[in-house]
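What follows is the residue order along each chain.
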Amino acid sequence: MASSVVAYAPRRGLQLLRPTARLLRFDELRDRTFRRRVYLAWLLLFINVVPFYKGAWNGLPLIVPIPSVVGRLITQGALPLALALAMSVNRRLLIRPNVFMCLLTCLVIAAVISGVNPEAGKFIATAYRTCRLTAFVGTLWLLTPLWDRRDLLLVKAHLVALFGVLGTVLLGLLIVPGRALAEGRLSGEFWPITPVQVSDYSAVALGILIVLWFCGETKRRVTLVAGLVIAAMLFLTHTRTELVALFAGLLVAGLRMFTVQARVRRLFTIVAIAVSVAVIAFSSALTTWLARGESTQELTDLTGRTNVWTLVLNAPRDRFQLIFGYGLSNKGFDGLPIDSNWLAAYYDLGLVGVGICVSLLLFVLVTAYFRPRGARTAIALFLVTYLMVTSLTETGLSDASAYLLELVLAASLLTPPRGDSMLAPFRDDLPSRIERALA
């Protein structure tokens, strides 16, 4: 019909293009506003899981003094704002049912059950953490209609959040390098970000950038510049677990794309040669860097972690606590961090919590195996492999945290597209709407 109008009435055809152009500008503006709200909602979720401490990791006060009340108000107040933004994005409160989010909801149910019999004297703290996890998962449910978008909207939102937090660390490093590198490890001076957090954010951002470059989604120059800066920050944290997890995640994601991307094959060859030369030429320097001045005993017991793990396993518990745990805690035991997702999940949520965490990881890993090769599958494989490695010495998959947010991001990338018209407003279908207007 459109072709006949153009053929027999060219002036009329030109007039038909004017409302289409206005429709295009309106849709572009609406889509830009929609994206900004999604970015802001995801950023607020990320801010909510960034802990706030009274001072910097090195024991010094922050460059810009932030009272503890204000800092906690910012982090904890970000969650209800994220929920409100998610509701504004999804005004009809549509959800996309899927196995992963059902498993995550089971984690919330387990937290509620374990909170019935919390650890002595910690009922209020346990109840608050349970409510926070419930609101966190509820917000993620409202964002499920965005999971099958082809433009990697949530990945870009996560990168924006990571770059924003890492930008504060980089700014502190440029202004007061002596303080930022106190005790030989990079930490945040504007916001109290520990070296472990800096290494985690750097490793995830660097890994996603490299995988996007694997798949031809980013330009080489942008990846190179941003990657060098982030890699330098990761190196300055002197963190071993995140570095190993980064290489493991890139290896799995790269092998998935090995047969379809020539740049992946070339990069693997270059890295293999570089690593071989580095091990031979700089073995002593690498050993010193990895040891971080720790003694053999400290390396054997993983910097004291195994001692805490023994205490957690030997803690007295009845049958209920064995199955459902003591309730959500601050992931510490006797004033010491547990530093293991599996021991922390066992202590908080019992065997049920451990089983749900295993199910979440296995679901993403197995689903990625059956998805076609591409950027979405490669990023999901990188994230789930990274989280499997870091879960050995870090906590977070059993509670609202950056690790759980990244696992949700991995699951979202494996969602197949659906033709449900109810979810059409959440998709990047601007070209199809223009074509319908021209028809």
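The preceding data block contains the structure.
Remember, it's a predicted structure, so these values are computed and weren't measured experimentally.

What to know about the overall build of the protein chain
Each helix and strand counted, the protein chain has 19 helices and two strands in total. Scored against the burial criterion, the 439 residues of the protein chain give a buried share of 47%. Counting only contacts in the protein chain whose residues sit at least 6 apart along the sequence, the fraction spanning at least 24 positions is 79%. With an accessible surface of roughly 21400 Å², the protein chain has 69% of that area assigned to carbon and sulfur atoms.

Brief notes about empty space enclosed by the protein
In total, this model carries three cavities of 30 Å³ or more according to the counting rule given. If you add up the space inside the largest cavity, you get close to 60 Å³. Looking at the largest cavity, the residues that line it are L146, W147, R149, L152, L153, L154, V155, R376, L409, S412 and L413. When residues of the lining of the largest cavity are traced back to their parent elements, those giving at least two are α6 (153-175) and α18 (402-412). It is α6 that provides the largest number of residues to the lining of the largest cavity, a total of three residues. Here the lining of the largest cavity is composed, by residue class, of eight nonpolar, one polar and two charged. Of the volumes computed, that of the second largest cavity is approximately 40 Å³. Per-class residue counts for the lining of the second largest cavity are three nonpolar, three polar and three charged.

Here's the deal with the packing of helix α3 (residues 68-89) against helix α5 (residues 123-142)
Closest axis-to-axis distance for the α3/α5 pair is 9 Å, and the angle between their directions is 30 degrees. With respect to α5, the element α3 is oriented roughly parallel. For the crossing formed where α3 meets α5, the hand is left-handed. Residues Q76, L79, A82, L83, A86 and M87 of α3 touch α5, and the partners they reach there are Y128, R132, A135, F136, T139 and L142. The residue inventory of the contact of α3 with α5, partitioned by class, reads nine nonpolar, two polar and one charged.

Each value, and the rule that gives it
- Residues numbered from 1 in each chain as written.
- Predicted model: local features only at pLDDT ≥ 70, side-chain atom pairs only at ≥ 80, totals over all residues.
- Heavy atoms only, no water.
- Helix = DSSP H or I, 4+ residues; strand = E, 2+ residues; numbered from the N terminus.
- Buried < 20%, exposed > 50% of the residue type's maximum accessible area, 1.4 Å probe, protein only.
- Contact = heavy atoms within 4.5 Å.
- Areas by Shrake-Rupley, 256 points an atom, 1.4 Å probe, with all protein chains shown as cover.
- 1 Å grid on protein atoms, 1.4 Å probe; cavity = no way out; pocket = protein on both sides within 12 Å on 5 of 7 lines; lining within 4 Å.
- Points joined across faces, edges and corners; volume = space filled by probe spheres on them.
- Nonpolar A, V, L, I, M, F, W, Y, C, P; charged D, E, K, R; others polar.
- Axes fitted to C-alpha atoms, helices over the stretch in contact; angles between N-to-C directions.
- Parallel < 35°, antiparallel > 145°, perpendicular 65-115°, else oblique.
- Left-handed = near helix turned anticlockwise from the far one by under 90°.

No statement about biological role is implied by the geometric values presented.
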